[in-house]
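Spelled out from the first residue to the last, the chains are:
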Amino acid sequence: MVFDQTFLRELVSMKDEVGVISLYTTADPRQEASTRPAWGIRLRNELSDMRDQVASWPDKDRRAAVLSRLEELEPDIRELVDAAESGIGRALFAAVSGREVRKISLQVSIQHCAVLEPTAYVRPLVTAMATSAPAGLVLVSRDGVRLIDYRYGVAEDVAKTAFDLDTDDWRQMRGPGPGGSKQTDSTQVDRYQRRIDDNLRRFLHGVAPEISHRATALSWADVLLIGDAALTEIVAAALHPMKVVQVDTIVDTLPAPEVAKHVAAELVATRERRDAALVARVQDAALSGGKGTLGLNQTLALLNEGRVDHLLLDENGHWSGGRGSDGYLYYDQTPQSMAIEQVPDLGESMIEAALDSGVSVTILGTEAAQPLAPHKGVAALLRW
């Protein structure tokens, strides 16, 4: 399953007047499959709260529909919390009125919750995806170049190009140097090695277009060049102006999942720098009168107008607001004499509105979001 903006847009299009049940849980792989997992108990408690809330609804038919649907979903819920099932972060989405049920799993943690809303609740999924966005791990060695695609906790080899140099017709000179000089054998060997190094350099330059192509095709947010610094520097120069991160470590013989674990800290740091650069870009644009905006009210107004191109939200931000009879979202600046429906999770509604209109969404980590604290953790790049 491909988790991208298209997938998220399809998910938020899952709507139901009675409600869509969205369930999230994170399995702890350290717990034995034979035990009653703690995450299952937690989700059951969330579901119990949902049932209690639904039981208080005055609309008898709607109340019965939700409770009946939860009973029908019981086999799916048992599977969701089953310790023997695969996946760390797990989610289930089910419309109350229809038969549609969607299940997904990621190999990263995800926020526990059980939510009943008119649309699929996607904010925990968007946040989890942000923490493990697609990245390219490029292993560079004297044996060749190996490409690993890492996304949402899964690392897989996607390509490998070996450095195979045919030296059969090369004459490795030995003995005295030119003119009968007493040049040592080692000098001749050094020349032979330099010839190999020159060919290796040309080879590394030659694989740069393939790396660039894969980065685009696989939507890599980050590219890490991993290996001896002298070799990764050659590839980095060939990839310019693509932004890459060089990691001076030798892991080219490890399986793809082990490579990802080995550079996990570098992946986190790279995401933080990328997010920080994005925030700085928005700040510069907003403060210079360019295509950027800061603050919740300002961003909401421009999102309502369809002018937002890229929405930025603090992952720890919690906002409540309202939706007007005009369909627009509001924080604390609502038009007078307009009927306003309360929106307890304004962040979720902003994400849904953004996805519906083809707007990119970035959930910012804690460090990167700090400069936006005076602006309630919300900002955006604009289309115009």
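Preceding this paragraph is the structure being described.
Residues numbered from 1 in each chain as written. Predicted model: local features only at pLDDT ≥ 70, side-chain atom pairs only at ≥ 80, totals over all residues. Heavy atoms only, no water.

### Details of the sheet that holds strand E3 (residues 101-106)
Within the open sheet, the four strands sit side by side as E3-E2-E1-E4. Their pairing is antiparallel. A strand with exactly one partner marks an edge of an open sheet, and here the two such strands are E3 and strand E4 (113-119). Ignoring which end each strand starts from, the neighbouring axes of this sheet average 15° apart. Bridge count for strand E2 (residues 89-95) against E3 is six bridges, and the pairing is antiparallel. From the neighbouring strand, Arg90 faces E3, where its bridge partner is Ser105. Here helix H2 (residues 38-55) sits on the sheet and contacts strand E1 (15-26), E2 and E4; the angle it forms with E4, its principal contact strand, is near 45°. Strands in contact with helix H3 (residues 60-72) are E1, E2, E3 and E4; relative to E1, the strand with the most contacts, it is inclined by about 35°. (Pairing = 2+ DSSP bridges. Helix = DSSP H or I, 4+ residues; strand = E, 2+ residues; numbered from the N terminus. Axes fitted to C-alpha atoms, helices over the stretch in contact; angles between N-to-C directions. Contact = heavy atoms within 4.5 Å.)

### Side note on the sheet that holds strand E8 (residues 222-227)
With mixed pairing, five strands are arranged side by side in an open sheet as E7-E6-E5-E8-E9. Each edge of the open sheet carries a strand with a single partner, namely strand E7 (154-162) and strand E9 (245-247). Across the sheet, the mean angle from the axis of one strand to that of its neighbour is 20°, orientation sign disregarded. Summarising the sheet, E8 and E9 pair through three bridges and their orientation is parallel. When the bridges of E9 are listed, Leu224 appears paired with Val245. Packing against the sheet, helix H7 (residues 229-239) makes contact with strand E5 (135-141), E8 and E9, and its axis sits at approximately 150° to E8. This element, helix H9 (residues 264-287), spans E5, strand E6 (144-151), E8 and E9 of the sheet and lies at about 140° to E8.

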